[in-house]
Amino acid sequence: MTESNRKIFIHVFGCRSSICEGEYIAGVLKFHDFEITEDINGEYKAAVIVTCSVTQEADRKCRQAVRRARRVLGDKGVVAVCGCWAQSLDKNSACELGIDILAGSKGKDILPYKLIDMLENDETQHSFLDLRTHDIFSPYESQWEELEISSPVLHSRAFMKIQDGCDHFCTYCVIPFLRGRPVSRPKEKIISEIQRLLDNGTKEIIFTGIHLGLYGRDIDSSLADLISEVSKIKKLKRLRLGSLEPFCLDEKLLNALSECEAFCHHLHLPLQSGSDEILNLMRRGYSAKDFVELCYNARKKISDKIHISSDILVGFPGEKEKDFNATLTVMQDAGLGRVHVFPYSERPGTLAAKIPGKIHHDIKISRTSMAIAFGRELYDKYARNFLGRKVEILIEKNSKGYTRHYVEAVCSDGGSENAILKAKVLRYVNNRLEC
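Residues numbered from 1 in each chain as written. Predicted model: local features only at pLDDT ≥ 70, side-chain atom pairs only at ≥ 80, totals over all residues. Heavy atoms only, no water.

(A) Highlighting the overall build of the chain. For the chain, the count of helices and strands is 13 helices and 19 strands. A compact globule built from 435 residues should have a C-alpha radius of gyration of about 22 Å, and the chain, at 22 Å, falls within 12% of that. Its C-alpha atoms give the chain principal-axis dimensions of about 60 × 55 × 45 Å. The burial tally for the chain puts 57% of its 435 residues in the buried class. Taking all contacts inside the chain whose residues are at least 6 apart in sequence as the whole, residues at least 24 apart take part in 75%. Element-wise, carbon and sulfur atoms account for 47% of the exposed surface of the chain, whose accessible area totals about 19100 Å². With 62 positive and 60 negative side-chain charges, the chain shows a separation of 4 Å between the mean positions of the two kinds. (Helix = DSSP H or I, 4+ residues; strand = E, 2+ residues; numbered from the N terminus. Rg over C-alpha atoms; globule rule 2.2 N^0.38 Å. Buried < 20%, exposed > 50% of the residue type's maximum accessible area, 1.4 Å probe, protein only. Contact = heavy atoms within 4.5 Å. Areas by Shrake-Rupley, 256 points an atom, 1.4 Å probe, with all protein chains shown as cover. Lys, Arg positive; Asp, Glu negative; His and termini not counted. Charge placed at Lys NZ, Arg CZ, Asp CG, Glu CD.)

Structural data, given as structure tokens:
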């Protein structure tokens, strides 16, 4: 294979766990001297698309990306697809889309090697290869799929998946059906990878998982135990957590986070709704009052300046105007910062799909816009707390990066990628701090 044919397009949809999976695949390909490109319309020999299926819109975007990559490659290139949406595809649909290698929630560990074999042997016209060889709910598939990385390829920060799967089964969510039962990564593997990443120059590590708070349940441990162990690593200066379900933020975990000097003061706690009636229909496992108290406890235990971001799901079946207004009230009472707002998307096979009281599309869009606008106000209010203060910024690209509190910042003095700078905040403009 010539040098001009060693480019591989990689695109990642979805959550931080998907990012981690994409990093692993990119790392293996780079180790074998392939060049990674993120330009879907450019020239490349193969495409790898890590997919998401959290909403219908996510499904649409994944399908669109596969079709576009297939058009760019023509008849001879290799299209490899993995992740949640890929798990749900039947063989006929995959073949119709021009997919050559299909791995779902499992099989990502061998996907890059199968891709390399095809490219090195010039097998660019071949039969369909399905790596989804086992039922994700079988005992065999409850074993951890090891996806080690030595240094991030697609990002400056290192996303490390330490947990996979979910058995909470919120009524609106299809992910437990696609990811399977909860499983935790062995602690010694986590510690080893952290040390290797730090030795290779990584400045920040983000623990991710499909249901991160369940870490350790299957191996007689807990996320709090892991945080306490990791906090002993002297070279670790910046540690973050991905999305954490509110009911997992117990006193033990709060104490562990408060005692971990490397922990960056930011928590992402999905609220989804501020209405107890809707929360019950969603089967979330907490009340609006519980959520506000959790945020209060986090500020009391860790820091009164901790940034608490969240997810909001608007237009759930049965949501009345009073329910939506209750959500806005809880957003304010909880002192949220960055908020991601999603209109409810019906997922076939979930309990929510059978709940009466579907919300009209126009109402969902209107409420989504209102929640996004209010979320911006809350984020602006939080970010302005740093005006005139010195902050620590991890530079990612073009002098831009994030503070320890996960507020976007840009530094006029520049700074190379992966450098940590300390600078005084002069202004807050266009949703970011200017230093």
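(B) Representation of the sheet that holds strand 14 (residues 390-397). With mixed pairing, six strands are arranged side by side in an open sheet as 17-14-15-16-19-18. In this open sheet, the two strands that pair with only one neighbour each are strand 17 (420-424) and strand 18 (427-429). Adjacent strand axes in the sheet meet at a mean angle of 40°, parallel and antiparallel pairs treated alike. In this sheet, strand 19 (residues 432-434) lies alongside strand 18 in antiparallel orientation, the contact comprising three bridges. Across the sheet, residue Val 429 finds its bridge partner in strand 19, namely Arg 432. (Pairing = 2+ DSSP bridges. Axes fitted to C-alpha atoms, helices over the stretch in contact; angles between N-to-C directions.)

(C) Representation of the environment of Asp 167 in the model. Within the fold, Asp 167 resides in the loop between strand 7 (158-164) and helix 6 (175-179). The class of Asp 167 is partly exposed, set by a relative accessible area of 35%. Sequence separation between Asp 167 and Gly 180 is 13 residues; the distance between their C-alpha atoms is 7.6 Å. When near neighbours in sequence (up to four residues on either side) are disregarded, Asp 167 contacts Pro 182, Leu 214 and Arg 217.

(D) A look at the environment of Asp 276. Mapped onto the elements, Asp 276 comes out in helix 10 (residues 276-282). Along the primary structure Asp 276 and Leu 154 are separated by 122 residues, whereas in three dimensions their C-alpha atoms are 40 Å apart. Apart from residues no more than four positions distant in its own chain, Asp 276 is found in contact with Ser 287 and Ala 288. In this structure the side chain of Asp 276 is engaged in a polar contact, spanning 2.8 Å, whose partner is the backbone nitrogen of Ala 288. (Polar contact = N/O pair within 3.5 Å; in protein donor to acceptor, adjacent residues only side chain to side chain.)

(E) How the structure looks around the pairing of strand 3 (residues 46-51). Of all six residues making up strand 3, six are buried, and the element is well covered by its neighbours. Along strand 3, one buried face is formed by Ala 46, Val 48 and Val 50 and the opposite face, lined by Ala 47, Ile 49 and Thr 51, is buried too. Pairing geometry for strand 1 (residues 7-12) and strand 3, over five bridges, is parallel. Bridging across to strand 3, Ile 8 finds its partner in Ala 46. Here strand 3 pairs with strand 4 (residues 78-83) via six bridges, running parallel. For Val 48, the partnering residue across the bridge sits in strand 4 and is Ala 80. This β-α-β element, strand 3 to helix 2 (residues 56-73) to strand 4, shows right-handed connectivity. (Right-handed = clockwise from strand over helix to strand, strands pointing away.)

(F) How the structure looks around the packing of aromatic side chains. Under the defined criterion, the tally for this structure stands at eight aromatic pairs. Here Phe 247 and Tyr 286 contribute two aromatic rings whose centre-to-centre distance is 6.4 Å and whose plane-to-plane angle is 35°, an arrangement assigned as tilted. A residue pair is termed long-range when its members are at least 10 positions apart, and Phe 247 in the loop between strand 10 (239-241) and helix 9 (251-258) and Tyr 286 in the loop between helix 10 and helix 11 (288-301) qualify at 39 residues. Among the residues examined, Phe 247 registers a relative accessible area of 32% and is labelled partly exposed. Between the aromatic rings of Tyr 402 and Tyr 406, the centroid separation amounts to 4.6 Å while the plane-to-plane angle is 15°, which identifies the pairing as stacked. Linked through ring pairs, Tyr 172, Phe 316 and Tyr 344 together constitute an aromatic cluster. The cationic tip of Lys 161 hangs over the ring face of Trp 144; the distance from NZ or CZ to the ring centre is 5.7 Å. (Phe/Tyr/Trp six-rings, centres within 6.5 Å; stacked < 30°, edge-to-face > 60°. Lys NZ or Arg CZ within 6 Å of the ring centre and 35° of its normal.)

In short, shape yes, function no, at least from these values alone.
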